[in-house]
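Understanding the architecture of this molecule
These are the residues of each chain, in order.
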Amino acid sequence: MGGRKVGGMVITVDGKRGGLDLLFVSPHLHSGGIGYAAWCAVERRHPQVALWETVTPSFERRNIHFYVNQCGFHIVEFYNSHHPDPNTPDSEEETDGQFPDGRFRFEKRM
């Protein structure tokens, strides 16, 4: 933004599947449209991706609002100690330790 770093993003793209691993914007610039603009740029840059996925902790209401209401993702799964992420080794320990209230998995079909 004006030559300054104001955030960052980590994505993975494998053919028609994409993953949003990390998206952050400097806290003093929240609600300014930077995250949404960055996400829109990713979609434009990777038009071949038919399905995007991401996860966020259930307590991060701001993230949930952003992904669902602004970016068009849908909540498709809720990982917790009773339903661990099958793709993450030791996810039950991670969910109980780092994310005791669980995590939501989101998808966006293009």
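Residues numbered from 1 in each chain as written. Predicted model: local features only at pLDDT ≥ 70, side-chain atom pairs only at ≥ 80, totals over all residues. Heavy atoms only, no water.

**Concerning the pairing of strand 1 (residues 7-14)**
One ladder, built from eight bridges, connects strand 1 with strand 2 (residues 17-25); its direction is antiparallel. Of the residues in strand 2, the one forming a bridge with Ile-11 is Leu-20. (Pairing = 2+ DSSP bridges. Helix = DSSP H or I, 4+ residues; strand = E, 2+ residues; numbered from the N terminus.)

**Here we look at the sheet that holds strand 3 (residues 51-57)**
Pairing is mixed in the open sheet, where five strands are placed in the order 1-2-3-5-4. At either margin of the open sheet sits one strand with a lone partner, and together these are strand 1 and strand 4 (74-79). Sheet twist, expressed as the mean angle between neighbouring strand axes with direction ignored, is 25 degrees. Where helix 2 (residues 61-70) meets the sheet, its contacts fall on strand 2, strand 3, strand 4 and strand 5 (103-109), and the angle it forms with strand 3 comes to roughly 165 degrees. (Axes fitted to C-alpha atoms, helices over the stretch in contact; angles between N-to-C directions. Contact = heavy atoms within 4.5 Å.)

**A short note on the environment of Phe-78**
Checked against the element boundaries, Phe-78 lands in strand 4. Sequence separation between Phe-78 and Arg-17 is 61 residues; the distance between their C-alpha atoms is 20 Å.

**Quick look at a nonpolar patch on the surface**
A cluster of nonpolar side chains, contributed by Val-10, Leu-22 and Phe-24, occupies part of the molecular surface with about 260 Å² of accessible area. In this structure, Val-10 sits in strand 1. (Patch = residues over 30% accessible without salt bridge, like charges linked within 9 Å, V, L, I, M, F, W, Y side chains within 5 Å. Areas by Shrake-Rupley, 256 points an atom, 1.4 Å probe, with all protein chains shown as cover. Salt bridge = Lys/Arg side-chain N within 4 Å of Asp/Glu carboxyl O.)

**Focus: the state of the cysteines**
Per the stated rule, a full pass over the model turns up zero disulfides. Here Cys-40 is not cross-linked by a disulfide; its sulfur's nearest cysteine counterpart is in Cys-71, at 6.7 Å. Among the residues examined, Cys-40 registers a relative accessible area of 17% and is labelled buried. On the basis of relative accessibility, which here comes to 3%, the residue Cys-71 falls in the buried class. (Disulfide = S-S within 2.5 Å. Buried < 20%, exposed > 50% of the residue type's maximum accessible area, 1.4 Å probe, protein only.)

**Re the pattern of salt bridges**
This model, assessed by the stated rule, comprises seven salt bridges. Of the charged contacts, one joins Glu-53 and Arg-17 as a salt bridge, the two residues approaching to 2.7 Å between their closest N and O atoms. Residue Glu-53 is found in strand 3, and its partner Arg-17 is found in strand 2; the two are separated by 36 residues along the sequence. Look at Glu-53 and you get partly exposed, because its relative accessible area is 21%. Looking at Arg-17, the relative accessible area reads 45%, which means it is partly exposed. As a salt-bridge pair, Arg-109 and Glu-107 come within 3.3 Å of each other at their nearest N and O atoms. Accessibility expressed as a relative area gives 12% for Glu-107, which makes it buried. Look at the salt bridges and you will find they share partners, linking Arg-17, Glu-53, Glu-77, Arg-105, Glu-107 and Arg-109 into a network.

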